[in-house]
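Topology and contacts: notes
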Amino acid sequence: MSARRFGMVALAGLVGAVVAPSAAHAEDFVLQAGTVVTADGDVLVDGGSVFVSGGVVKEIKPGLVNPWGAEVRSHGDAWLLPGMVEAHSQGGLERANETAPNTPFVSVLDGLDPLSPYFENLLRDGVTTVFVVPGDATLIGGQGLVLKPIGRTAEEMIVRRGAGLKIALSPRSGTSRMAQLAELRRSLRGARTAEGRQVVDDPDATARSPRAEALTALLAGTLPAVMACNEPVDVANALRVMEEFGLSGFLSLGTAARRALPEIAKRGVPCVLAADLEPVESNPETGREVRRFLAKECVDAGVPLVIQANEASPYGMRSLWYQAAVAVSQGLTREQALRGVTVNPARLLGVDERVGSITAGKDANLVVWTGDPLDPASWVDHVYIEGELVYERAKDRKLKRLLDGISLGRPGDDD
Amino acid sequence: MRRATRLVGLIGALSCAAALTAALTPSHSDAAERERQSLVFTGVTVLDGLGGVDEDATVSVSDGRLRLAPVGDARTVDVDGAFLAPGFVEANGRLGYVSQEAEITRELTAWIDARDLADPTARAFREAALEGTTTVVLAPGPRNLVSGLSQAFHAWTRAGRAEPIADAPKSLHAAISRSPSIGNFPPRRGPTTSIYARRPTTRMGVVWLLRQVFLSAKGVQKATNDADLAPYRDVLDGRRPLRVDCHRLQDVNATLRLADEAGMNVVLDGAEEAYLRRDDLAKRGVPVVLGPFPDVRTGIGVDFTDTALRNATMLHEAGVTVALSAGTSGARWLREQGMFAVRYGLSRDDALAAMTSVPADLCGLTDRGRIVDGAAADVVLWSGHPLLPTSRMLMVVVDGEVVFDRTGFVRKEAQ
């Protein structure tokens, strides 16, 4: 596998291992591994072969075979999985929220730093698709994008534009929940009126008004709503507002909103679980503390499981594979847990036709792990996005430096 | 204003007194709880905490002690595929503080005892026990030069609080790092004995003051207050370990220099850059208590140390005695420290020893942190290997008493 063939260019010397994708697709090849988990129902424990052509998965066969006659890239005992899908993140943004409370017109497109270490760390953790969206500190926070974590501009990274508009149901500090809801309804009603007026009065008015543009798309159902709900009451409010205005989209839950999971199941609205999968709840009257197991509660309630990484935990260690392992510790099957970080978030984000599983016709977003991805001793060895090799652990100089620290040689030896 | 301050002080004192009374008053059911239940774990994989694994063992708990044979009239615990491991020992516990973590009004407070430092009912203790930590050796924080004496606690008991382990040896805690001098400044006016005129103000001053007190204790230098020197004499006579909080290589160097001058044994705490002197540490037999891991997102650790995630691995391979600690991040995260130490190169058995028997020995708790005949019954039953995130805690036994029992947590297969 020659470096030149894959157009390997180190990103400004940041990471030798992260390489920019070349414009042309790689030629056809067959990826073979000892264990293949398609996340689409199949677990091939006696080896599997995946035929990739034009950046797309064409066919999957059990066993180490090559009926296609293409170049074989064999990974011995390694595990092959689809790239994981991060359903909710503020990574790569310097600030996650505008200070003004109502900013439907802003988009993460304009705030995204493609060189942020956040994105290269996603590759190191086997994540190939991420939904970056503004935070929850505003009423209408702005628009998010579904991205692949590779590229020099935000545009290069885009998998889906118009992937969601963040709306926070929990009141900002200093306001009441009633006022928050009233303001939200006022904005949506205003947009609806503007929408009506657009047809009657001035067809160009909306085009010139980005604020109206986002809300118009929201009301038309082309831009999904991402409803941030901290409390169960926020879930009830979100569902009501979505019904009143005919919004589509999904919920992003805080830990306390777990109590609304049965209601969410009844309504069939998708949701992302809180980042902390094992919160401790304290009874305000008795002081009794109970630990909750969110992944288990979610599956028990019949809601499709979608897990996000827990950036808030100490030392940034709780990436998607770790979170999936935590879900297994709560009693879920490995298949359920893995679907919670692959196909389920892909469906939630409306990109399941392209990513989320190793399936014929989907993008060749493939991750080679040294072993079981739910074991911390396993590492991501190779990452392919759309058939391009974008990460190789053997060439990851930054990782080596983090692991081994500095060496006390002569000046310059360390470079 | 002044009255308000006094009032706050009074309320603080009263609530402290209340907490103290609660801690010191035996609960009415104490007598019943003291009648320890006998238990027999059968068919479990036993990890003895000393590096050994027995895949089909029987371990009994009787009268607070472990027996490697069945005992009569006992509750039998038989869970398929379960692992029994010693409870983790947090050697550098930094949690549950009611107020400041150190007596920062003076540089040398060797008479401070960590027994009085924490609220034994603090949730952090319970959280630690829920993650398998049965012993927390609480230390005063490194905010002044010599911060005081440690106290070992049972992390959680049936009485609903942490309890001091009777007769546990105490180590003396000092700091050679940035923290004892940061924020100190020479007085602009007024007497230098004022508490606002704290010394030292540099790293040099930190080492100088420590050297002075140990030379005084040795009798080389004239002492001002002889009675205060007893804890230092204990260290010099080898009766009490000196634990030194140090981070950068220069701190490690200064600590070793001081140890040589005073002829005393030291244990390094934190020691993020200790790997750079691993051969010396091995030769001198200086143990280290590592952790927590630095933030892998930034790669910058405490005191701007250079991250080497393989610190524990490199030290261990060089022959240094290594214990793992979650330190300031809270004992709850000790298990996670162990998992990631494995990710960064320690074997599972070595990592487990570094969280059980090694820290227990360093803290003089030589009958804890191991599963051997006659050892104190601090054990935890896990659904799988304790250093896999897919495993969950099933039962926690502290000093022979079942503190948490989740063996009834039925795995529910969902659709």
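What counts as what
- Residues numbered from 1 in each chain as written.
- Chains lettered and ligands numbered in written order.
- Predicted model: local features only at pLDDT ≥ 70, side-chain atom pairs only at ≥ 80, totals over all residues.
- Heavy atoms only, no water.
- pLDDT = per-residue confidence, 0-100.
- Contact = heavy atoms within 4.5 Å.
- Salt bridge = Lys/Arg side-chain N within 4 Å of Asp/Glu carboxyl O.
- Helix = DSSP H or I, 4+ residues; strand = E, 2+ residues; numbered from the N terminus.
- Buried < 20%, exposed > 50% of the residue type's maximum accessible area, 1.4 Å probe, protein only.
- Core = buried A, V, L, I, M, F, W, Y, C linked by side-chain atoms within 4.5 Å.
- Pairing = 2+ DSSP bridges.
- Axes fitted to C-alpha atoms, helices over the stretch in contact; angles between N-to-C directions.

Comments concerning the confidence of the model for chain B
Residue and element names in this part refer to chain B. Looking at chain B as a whole, its pLDDT mean stands at 86, while 84% of the residues score no less than 70. Here residues 1-34 is a poorly scored stretch, pLDDT under 50, and it has 14 contacts once near neighbours within four places are set aside; other chains count. Confidence over residues 410-415 falls short of pLDDT 50; this stretch has 14 contacts with residues more than four positions distant or in other chains.

What about the pattern of salt bridges?
Residues and elements named next belong to chain A. For the structure shown, the criterion picks out 51 salt bridges over all chains. For Lys266, the salt bridge identified is with Glu263, shortest N-O distance 3.5 Å. Of this pair, Lys266 and Glu263 both sit in helix α7 (residues 261-267), 3 residues apart, roughly one helical turn. Of the residues examined, Lys266 reaches a relative accessible area of 69% and is grouped as exposed.

Looking at the nonpolar core
Counting residues in hydrophobic clusters, the biggest one holds 172 residues, and the most contacted among them are Met227, Leu251 and Leu253 of chain A together with Phe214 and Val288 of chain B. Here this core takes 8 residues from helix α9 (residues 320-329) of chain A, the largest share from any one element. Filtering out sequence-adjacent residues up to four positions away, Phe214 of chain B remains in contact with Tyr232, Val235, Leu236, Leu242, Ala262 and Met264 of chain B. Listed in part, the 20 residues of the second largest apolar core include Leu39, Val61, Ala375 and Ala377 of chain B.

Considering the sheet that holds strand β12 (residues 140-147) of chain A
All names here are of chain A. Read across the sheet, 7 strands follow the order β10-β11-β12-β13-β14-β15-β16 without closing on themselves; strand pairing throughout is mixed. Each end of this open sheet is capped by a strand with a single partner; those strands are β10 (84-89) and β16 (271-272). Across 5 bridges, the pairing between strand β14 (residues 225-229) and strand β15 (residues 249-253) is parallel. From the neighbouring strand, Val226 faces β15, where its bridge partner is Phe250. Together, β10, β11 (127-132) and β12 form the strand contacts of helix α1 (residues 117-124), whose direction differs from that of β11 by roughly 140°.

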